[in-house]
Amino acid sequence: MASVNLDMELQEVELNNAEKGQMGSKSGGVFLTWNDLWVTVSTKKGGSKSILKGLTGYARPSELLAVMGPSGCGKSTLLDSLAGRLDFSTRQSGEILINGHKQKLSYGTSAYVTQDETLLATLTVQEAVYYSAQLQLPVSMTKSEKKQIAEQTIKEMGLQDAMNTRIGGFGNKGISGGEKRRLSVCMEILTRPKLLFLDEPTSGLDSAASYYVMSGISRQREGRTIIASIHQPSAEVFNLFHSLCLLSSGRTVYFGPASAAIEFFTRNGFPCPYLQNPSDHFLKTINKDFDEDIEQGSAGGRRPTEEVIDLLINSYKSSEGYHEVQSHVAEICHQGGEMLKKRSHANFKTQCLVLTRRSTVNMFRDPGYYWMRFVVYVAIALSLGSIYYNVGSNYRSVEERGLMVAFVVSFMTFMTVGGFPSFVEEMKVFQRENVNGHYGCFAFVIGNTLSSIPYVLLISLVPGAIAYFLAGFQNGFEHFIYFALVLFISMMIVESLMMNVAAIVPNFLIGIVTGAGIQGLQILSGGYFQLPSELPKILWKYPLYYMSFHKYAYQGMFKNEFEGLKFRDDMFGNNHIMRGEVILRERWQAEMGHSKWVDMVILVGILILYRLVFFLIIKTKEKFVHARKTSTSILSNRSTQIMAKSLPASPLHGLTPPHDTPTNNR
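Residues numbered from 1 in each chain as written. Predicted model: local features only at pLDDT ≥ 70, side-chain atom pairs only at ≥ 80, totals over all residues. Heavy atoms only, no water.

Peer 1: Honestly, unusual backbone geometry in this entry has me stumped. Any pointers?
Peer 2: The phi torsion of most residues other than glycine is negative, and most of the peptide bonds are trans. Along the chain, Tyr-542 connects to Pro-543 via a cis peptide bond; the corresponding omega equals 15°. With respect to the helices and strands, the residue Pro-543 is situated in strand 13 (residues 542–543). (Helix = DSSP H or I, 4+ residues; strand = E, 2+ residues; numbered from the N terminus.)

Next comes the structure, spelled out in structure tokens:
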């Protein structure tokens, strides 16, 4: 098919799935209104600071609303408020309505694109969008239908020439910054959401890239309500805006048609100089960071920036445009509209399979995830094997076997922290996709666990075999398999530990230091560097010794290596034979009341426990995020009841969504 009406196709799939009405009306869009919106944060001195101060405005279907202002004026905070993404440290009051109703923004009804590109650098553009389509689109759709939607969305955003190019990141050449922004948008509009939030989509881009990004977004406005915060757009980008919300220090300087903003500034004595970018003029006029006086008109003299801002704000509040905004908001609320309902996406099984496949590809292509560690592990295994080559069965070999087991359990597993940076990047992608409702926490945990097993098993078997057989450890396939399995489970435990750290401390340096510190404590209290009977009872013996997975790994490895062997005591000329069980009991103080397999089962239990803790951490974070999103408005005593205003007898001019292109603002 040359072209596909994706909205119709998605609706037909939903109808076939007995979910009529969940995709919303084809013709109806989303009218978003906010009235007397305040956002405050607590200060260190116990007071509070207002970030947004009584904002009122609206966004209409098929229009692009730009939120502009100098740095720190509250642009991103306004977007977060409207999207229900404010942090719990903030307090919000006012009224935010969707089609005249207080309702939450459920999955598929809205999309939020952050200014940070949280993308998997190893995937190609086509792979990234296709995996996202498999996760987001309904399970009732076939793979070919999902692929067709993904490819058409890529073309709509002008990314067809980069489809087979990897996204790239630090140290890897990939697509350009502008293409990454368009890709981020592309992945969020697969479900054809009716409400799209964009936070600084042109940040860090040159003027040409900014224009291509914004023009691509503007082409997606038909039937969709788009709100974008933008810092300093070029004149060409400014011409793409239908409406403009200009903020300064959390207050509204101007709200209305973008084309009328120049006239507003001119009327108040601050005309835009000929051939100057309007947005540059606006921001220069209302930016009080540099404390420079602003020239007012030809004979008005120069006035302090703070005074100019107050003048413009007061002029706006007394203008006809301000009262029109109030009337528009009142009429939108009076007319109402449909309630937005959650759309369906892939089922749990599909999510697990897709996430496992995507994570496997990412791990395979990212050399820092496992391959560099594999090379280092092989080098260390060769070093261990050469240092402890053929340890034999004399008295000295008892210590050598113990030292090698301790090194393998302690330091080879310790090196698993090397994959922490790669995992943090994957966590960032998960957090973005999870907060947008693409999939749940449990599916991510399952997918990440299943995808990592083959790689961890590989770096357990190969280096483990090299070290084991070069050292001449106990013969028998069962003994080697046990050795490799304990190494594998221990590495998985450390990976799980670092996952927990990454979920709490998503910072490379602090995360690695924290994870290394926790492992250091576990190694010290594990029963090798200080025997169990010599450990201080408080803290080190109870509870750290029993909590450390090294305790069970040490004892399992020791039992695997010493049970059934006999050693010759040749230190002082007496060649009497020592049984391995005696050495375990007296030298290593192993707990002989259970077998080595019990130690392995305990290790598996610790692994499952760590993964469950990881799930609980990210699930708790998810609940906090969704608790904020359950309602897009919070009423307070400060809210005004604009519905008390008398409504016009006939619809206001311009309330019907326009479908023409914006007028030239130059």
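Having put the structure on the table, let's press on.
Peer 1: It is not clear to me how the packing of aromatic side chains should be interpreted in this structure. Could you clarify?
Peer 2: Here the distance between the centres and the angle between the planes together describe a pair of aromatic rings. Summed over the entire model, instances satisfying the criterion amount to 40 aromatic pairs. For the pair Phe-430 and Tyr-439, a centre-to-centre distance of 6.1 Å together with 35° between the ring planes defines the contact as tilted. Assigned by exposure class, Phe-430 and Tyr-439 land together as buried. Between Tyr-528 and Phe-558, the aromatic rings sit 6.4 Å apart at their centres with planes inclined by 40°, giving tilted as the arrangement. One end of the pair, Tyr-528, is in the loop between helix 18 (508–524) and strand 12 (538–539); the other, Phe-558, is in helix 20 (residues 549–562), with 30 residues separating them in the sequence. Members of the aromatic cluster, connected to one another through ring pairs, are Tyr-528, Phe-529, Tyr-554, Phe-558, Phe-562, Phe-567 and Trp-588. Of note, Arg-587 hangs over the ring of Trp-588, and the distance from its end group to the ring centre comes to 4.2 Å. Taking NZ or CZ as reference, Lys-596 lies 4.9 Å from the ring centre of Tyr-482, over its face. (Phe/Tyr/Trp six-rings, centres within 6.5 Å; stacked < 30°, edge-to-face > 60°. Buried < 20%, exposed > 50% of the residue type's maximum accessible area, 1.4 Å probe, protein only. Lys NZ or Arg CZ within 6 Å of the ring centre and 35° of its normal.)

Peer 1: Help me understand helix 13 (residues 367–387) in this model?
Peer 2: Between its terminal C-alpha atoms helix 13 stretches 28 Å, which fits the 30 Å expected from 21 residues at 1.5 Å a residue. Burial in helix 13 covers these residues: Tyr-369, Tyr-370, Arg-373, Phe-374, Tyr-377, Val-378, Ile-380, Ala-381, Leu-384 and Gly-385. The inward-facing, buried residues of helix 13 contact helix 12 (348–365), helix 14 (395–414), helix 15 (420–435), helix 16 (441–471) and helix 17 (477–504). (Expected span 1.5 Å × (residues − 1). Contact = heavy atoms within 4.5 Å.)

Peer 1: Sorry if this is basic, but what is going on with the side chain of Thr-40 here?
Peer 2: Structurally, Thr-40 is set in strand 1 (residues 32–42). Once residues within four sequence positions are removed from consideration, Thr-40 is found in contact with Lys-49, Ser-50, Ile-51, Ser-89, Thr-90 and Arg-91.

Peer 1: Looking at this structure, I do not really get the pattern of salt bridges. What am I missing?
Peer 2: If charged atoms from side chains of opposite charge come close, those side chains can pair. Per the stated rule, a full pass over the model turns up 20 salt bridges. Residue Glu-156 pairs with Arg-192 through a salt bridge whose shortest N-O separation is 3.3 Å. On the criterion of sequence distance, the pair formed by Glu-156 in helix 4 (residues 143–156) and Arg-192 in the loop between helix 5 (177–188) and strand 6 (195–199) is long-range, its members being 36 residues apart. Taking relative accessible area as the criterion, Arg-192 reaches 7% and is therefore assigned buried. With a shortest N-O distance of 3.6 Å, Arg-432 and Glu-433 are connected by a salt bridge. Bridged by salt links that share partners, the residues Glu-188, Arg-358, Arg-432 and Glu-433 form one connected network. (Salt bridge = Lys/Arg side-chain N within 4 Å of Asp/Glu carboxyl O.)

Peer 1: Would you explain the nonpolar core in this entry?
Peer 2: Nonpolar side chains in soluble globular proteins generally cluster together in the buried interior. Membership of the largest hydrophobic core comes to 181 residues, with the highest contact counts inside it found for Leu-32, Trp-34, Leu-78, Phe-197 and Phe-241. Counting residues per element, this core draws most heavily on helix 17, which supplies 18 residues. Every residue in contact with Phe-197, bar those within four places of it in the chain, is listed here: Leu-32, Leu-79, Leu-82, Ala-83, Leu-105, Ser-110, Ala-111, Tyr-112, Val-113 and Ile-227. (Core = buried A, V, L, I, M, F, W, Y, C linked by side-chain atoms within 4.5 Å.)

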